[in-house]
Each structure stands twice: as C-alpha cells, then as structure tokens.
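# Report on the structure
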Amino acid sequence: MDVSSLPTDPADLAKELNDGTTGIPALDGLISDKAAPNMAFQRAAMLLIGPLVGGTSQFDAVLYQAIAMLPRVTALGPMTTQKGQTGEGFASGPGSGQSTVVVDPETGALLEVRGPRRL
C-alpha cells in the first residue's frame, strides 16, 4: 500500500481512516461485520501490518497519534506480548469482538495482533 499521499496531520488521517476516504482501495473497501465492527481501527491495523510504500518514521508517529484519536479506541499503555516483547497497546471493540494491537514505540514495528482479524 502506498501511503505517501496520506495526511501527515494525525486528526486528518484519523478522519480518513474513520470515513474510509484514504484513497487506498484495500483500506477503503473493507466492510464491517459483527466480529470487527470498528473499521477505522481495522484500517489502521492494516497500515501497521503493511507492507507499505512511502512510509517513514514520521508517518509511523502520525499513525499512532491518529489511532489514539479514533472513535471507540482505547490506548492501553505498556503491554507484553505472548512472546515477551513489550510495546504500546491499543484496543477497539467490546468483549469477544475486541481487537488489540501492540506496537514497538521505538521502531514502529507491529508486535502482535489479538482478537478478530478480518484484515
């Protein structure tokens, strides 16, 4: 996915992720279902998973800020993955429909995805 044309302002990126107007068909074409109802969070998770073209460390920082602004997303703070790695966690969705991502705040690497994956 080419992210070079995505906004560099976190609020603008959060709006495009929420509205499905990123201009990236693989993101904008996602369809909500009961297992993964927060499509903005699912779109952001797809960007974390990659692969990306045109991504930079600045984009990673903007993406994390945008994720924290998305509706129904909770910043969980420091978390440990099942492999023992530590990172920052973000979650969306209630109960069994909850999706959680854990990212390395220093490198921007996605460390773990938990919960429903319709990506």
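Predicted model, so just to flag it, every value in this text is computed and none were measured. (Residues numbered from 1 in each chain as written. Predicted model: local features only at pLDDT ≥ 70, side-chain atom pairs only at ≥ 80, totals over all residues. Heavy atoms only, no water.)

## A short note on the sheet that holds strand β2 (residues 86-92)
We count it as follows: Pairs of strands are assigned from DSSP output, requiring at least two bridges between the strands. Helix and strand assignments come from DSSP, with helices taken as H or I runs of at least 4 residues and strands as E runs of at least 2, each series counted from the N terminus. Axis definition: a line fitted to C-alpha atoms, limited for helices to the stretch in contact. Angles are taken between N-to-C directions and run from 0 to 180 degrees. Contacts are assigned to residue pairs with any non-hydrogen atoms lying within 4.5 Å of each other.
Ordered by their spatial adjacency, four strands build an open sheet running β1-β2-β3-β4, and the pairing between neighbours is antiparallel. Since the sheet does not close on itself, it has two edges, and those belong to β1 (73-80) and β4 (110-114), each with one partner. For this sheet, the mean inter-axis angle between neighbouring strands, taken without regard to orientation, is 20°. Strand contacts of helix α3 (residues 39-49): β1, β2, β3 (99-103) and β4, with the helix running at about 35° to β3, the strand carrying the most contacts.

## A few points about the packing of helix α1 (residues 10-19) against helix α4 (residues 57-69)
We apply this condition: For a crossing to be left-handed, the near helix must be turned anticlockwise from the far one by less than a right angle; the clockwise case is right-handed.
Between α1 and α4, whose axes approach to 8 Å, the crossing angle comes to 65°. You can see that α1 and α4 cross each other, and the crossing is right-handed. Where α1 abuts α4, its residues Pro 10, Ala 11, Leu 13, Ala 14 and Leu 17 lie against Phe 59, Val 62, Leu 63, Gln 65, Ala 66 and Met 69.

## A short note on the side chain of Thr 100
Put simply, the rule reads: Relative accessible area decides the class of each residue, using a 1.4 Å probe on protein chains only: under 20% of the type maximum gives buried, over 50% gives exposed, and in between gives partly exposed.
Looking at the element boundaries, Thr 100 is found in strand β3. The buried category is assigned to Thr 100, whose relative accessible area is 8%. Contact partners of Thr 100, with chain neighbours within four places excluded, come to Phe 41, Leu 76, Met 79, Phe 90, Ala 91, Glu 112, Val 113 and Arg 114.

## Focus on unusual backbone geometry
Cis geometry is adopted by the peptide bond preceding Pro 51, which originates at Gly 50 and carries an omega value of 0°. You can see Pro 51 is positioned in the loop between α3 and α4. We note that Arg 72 has phi near 60°; this positive angle belongs to a residue other than glycine. When you line up the elements, Arg 72 lands in the loop between α4 and β1. Assessed through its relative accessible area of 59%, Arg 72 is described here as exposed.

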